[in-house]
Amino acid sequence: MIQRDDSIALGRGQRPGARQDPRLDWWRDAKFGLFIHWGLYAIPAGVWKGTPIPGIGEWIMRFARIPVAEYEKLAEQFNPVAFNAAEWVSLARRAGQKYIVITSKHHDGFCMFQTAQTRYNIVDATPFGRDPLKELAAECQKQGIKLGFYYSQTQDWHHPDGHGNDWDFDETKKDFDGYIEHYVKAQVRELLTNYGPICLIWFDTPMIIRPEQSASLVELCHTLQPDCLVCGRVGNELGDYASAGDNKIPRTAVDADWETPATINDTWGYKQDDHNWKSTSDLLHKLVDIVSKGGNYLLNVGPTAEGIIPQPSVERLLAMGEWLAVNGEAIYGTRPGPIQGVEWCRSTARPGKLYVHVFDWPRGGELRLSGVNGVTGAYLLSDPARTPLRVAQSGADLLVFGPTQAPDPIDSVVVLTRGSAA
Ligand code: JFZ
């Protein structure tokens, strides 16, 4: 079952009808991205001193109230020698994903990039000594995938003035303004200066950030790289596009620029005990459901401390890529179609064509569609010969006569041509 929810925070630039900004054109067409949550939390992988810690893995420092002095030591062991930027980027490409968003700094404050603002970073504090974001940036350029950075601007449990750590630091004595002004801004500047073109910055959990602070972060990003998009979680209803709640899909089509960030299992950062993998069918249905409502799907993987993307994630992404290799025309560059609110199918559209995504193929292969008109022909997207399917009008409904067996067990796409496009 698809979980539905209407909780989309629409920012100023994202009000219905506001899909005008051409800087988002690529993003509106991309539909599917790879989210990567990777950091020191992959070492404990959900278990601290022998005790499994419930909840999402990248939150272990807070959930177990681990003191900075103890958590910091994880850096001395962090040596992900199996990390291979070319393989990660190639996985995204083969999965049919058009952009990658990776954690540059999550709430634990550990920097997965070289920064002059703290020695608490992967180059200076680990035996690994390499900058994986540099390597990913080079590979993304090479393989034609866009790269964006997740950056936790409000929560930082390592910085004495960052928000969220009340077990080491006294929240009332924090200079949060100074932290934003001198630390966060300096790091955003590094991220948007040292890694080539960055497609977006994915800020998160705005919490206590004030409107003028959110606004100045947006401005900083746009000044450094005018084409860099800013995720709505920068806070205070700002940013270039809206973010749905994690794993949440709106009930109906939303005429705004929005994205659903989602897990493949139940955690973002790697957890050794989380084997609750969603099926390929569920993941593809979610992608299609989201695209049919006008959104993007940012699907997460949590690599291990060795730098390996868990095999169950790889298998599912590749299976999605196989379906997309055949049916991508019904996803990329499309807009929501006219058939909405029907349980057994979804619809996407582009000028002259309407794509009916059939999740539950009807007995006998006879599709009854309401609310479509001007149809001049029909064929299965998976059929290279485009053998015409018989169509007939039945009152206000359109009937399409397909094969008796579902052409695809997950989503069979029927193309309806309209107007002059034959
Ligand atoms: C945040 C993070 O705290 C989490 O670790 C992860 O990075 C995720 C992608 O984002 O968690 C959230 C943020 C917003 C909502 C839920 C979880 N929300 O709006 O429902």
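My aim in this report is to walk through the structure given alongside it, one point at a time. Per chain, the residues get numbers from 1 upward, laid out in the order the sequence is written. The predicted origin of the model limits local features to residues at a pLDDT of at least 70 and limits the giving and counting of side-chain atom pairs to 80 or more, whereas totals for whole chains, interfaces and linings rest on all residues. Think of the side-chain values as coming from all heavy atoms in the structure, minus any hydrogens and water.

Things to note about helix α10 (residues 311–327)
Put simply, the rule reads: Under the DSSP-based scheme used, a helix requires at least four consecutive residues in state H or I and a strand at least two consecutive residues in state E, with every element numbered from the N terminus. By this rule the span expected of a helix is its residue count minus one, scaled by 1.5 Å. Working definition: with a 1.4 Å probe on protein chains only, accessible area under 20% of the residue-type maximum means buried, over 50% means exposed, and in between means partly exposed.
Taking 1.5 Å of rise per residue, 17 residues should cover 24 Å, and α10 covers 24 Å from first to last C-alpha, within 8% of that figure. When α10 is considered as a whole, its buried residues turn out to be S313, V314, R316, L317, M320, G321, W323, L324 and N327.

A closer look at unusual backbone geometry
Residue M207 is not a glycine yet carries a positive backbone phi of 45 degrees. For M207, a relative accessible area of 48% puts it in the partly exposed group. In this structure, N247 is a non-glycine residue whose phi angle is positive, near 65 degrees.

Section: the sheet that holds strand β11 (residues 335–336)
Where we set the bar: Paired strands are those between which DSSP finds at least two bridges.
The strand order β11-β12-β13-β18-β15 describes an open sheet built from 5 strands, whose pairing is antiparallel. Each edge of the sheet is formed by a strand with only one pairing partner; in this case those strands are β11 and β15 (375–380). Looking at chain direction, strand β13 (residues 353–358) and strand β18 (residues 412–418) are connected through 6 bridges and run antiparallel. Directly across from L354, in β18, lies its bridge partner L416.

What about the pattern of salt bridges?
Short version of the rule: Basic side-chain nitrogens of Lys or Arg form a salt bridge, by our definition, when they fall within 4 Å of a carboxyl oxygen of Asp or Glu.
Scanning the entire structure with this criterion turns up 22 salt bridges. Across the pair E171 and K174 runs a salt bridge whose closest N-O atoms are separated by 3.3 Å. Accessibility expressed as a relative area gives 30% for E171, which makes it partly exposed. For the salt bridge of R210 with D177, the shortest nitrogen-to-oxygen distance reads 2.8 Å. Here the residue R210 occupies a position in the loop between β6 (200–203) and α8 (211–224), and D177 occupies one in helix α7 (residues 176–191), the gap between them amounting to 33 residues. In this structure, a network of salt bridges that share partners links the residues D21, R23 and D240.

Thoughts on the site of the ligand
Spelled out, the test is: Throughout, near means a residue has at least one heavy atom within 4 Å of the molecule or strand. We define a polar contact as two N or O atoms separated by no more than 3.5 Å, with the added condition that, inside protein, one atom must be a possible hydrogen donor and the other a possible acceptor, whereas residues neighbouring each other in sequence contribute only through side-chain atom pairs. All accessible-area figures derive from a Shrake-Rupley calculation using a 1.4 Å probe, and residue coverage is judged against the displayed protein chains alone. Under this grouping Gly is polar, as are all residues other than the nonpolar Ala, Val, Leu, Ile, Met, Phe, Trp, Tyr, Cys and Pro and the charged Asp, Glu, Lys and Arg.
As a matter of local geometry, the ligand sits amid 14 residues, with H37, E58, H106, H107 and D204 nearest to it. At a separation of 2.7 Å, an oxygen atom of the ligand approaches a polar side-chain atom of D204. Within the complex, the protein chains bury 74% of what would otherwise be the 450 Å² of accessible surface of the ligand. Here the residues of the shell around the ligand are counted per class, giving 5 nonpolar, 5 polar and 4 charged.

As for the pairing of strand β12 (residues 345–350)
Within β12, 5 of the 6 residues are buried, leaving the element largely enclosed by the surrounding structure. By the bridge criterion, 6 bridges tie β12 to β13 in an arrangement that is antiparallel. By the bridge assignment for β13, R346 is matched with H357. Hairpin connection, β12 to β13: the antiparallel pair is bridged by 2 residues, and G352 has positive phi, about 85 degrees.

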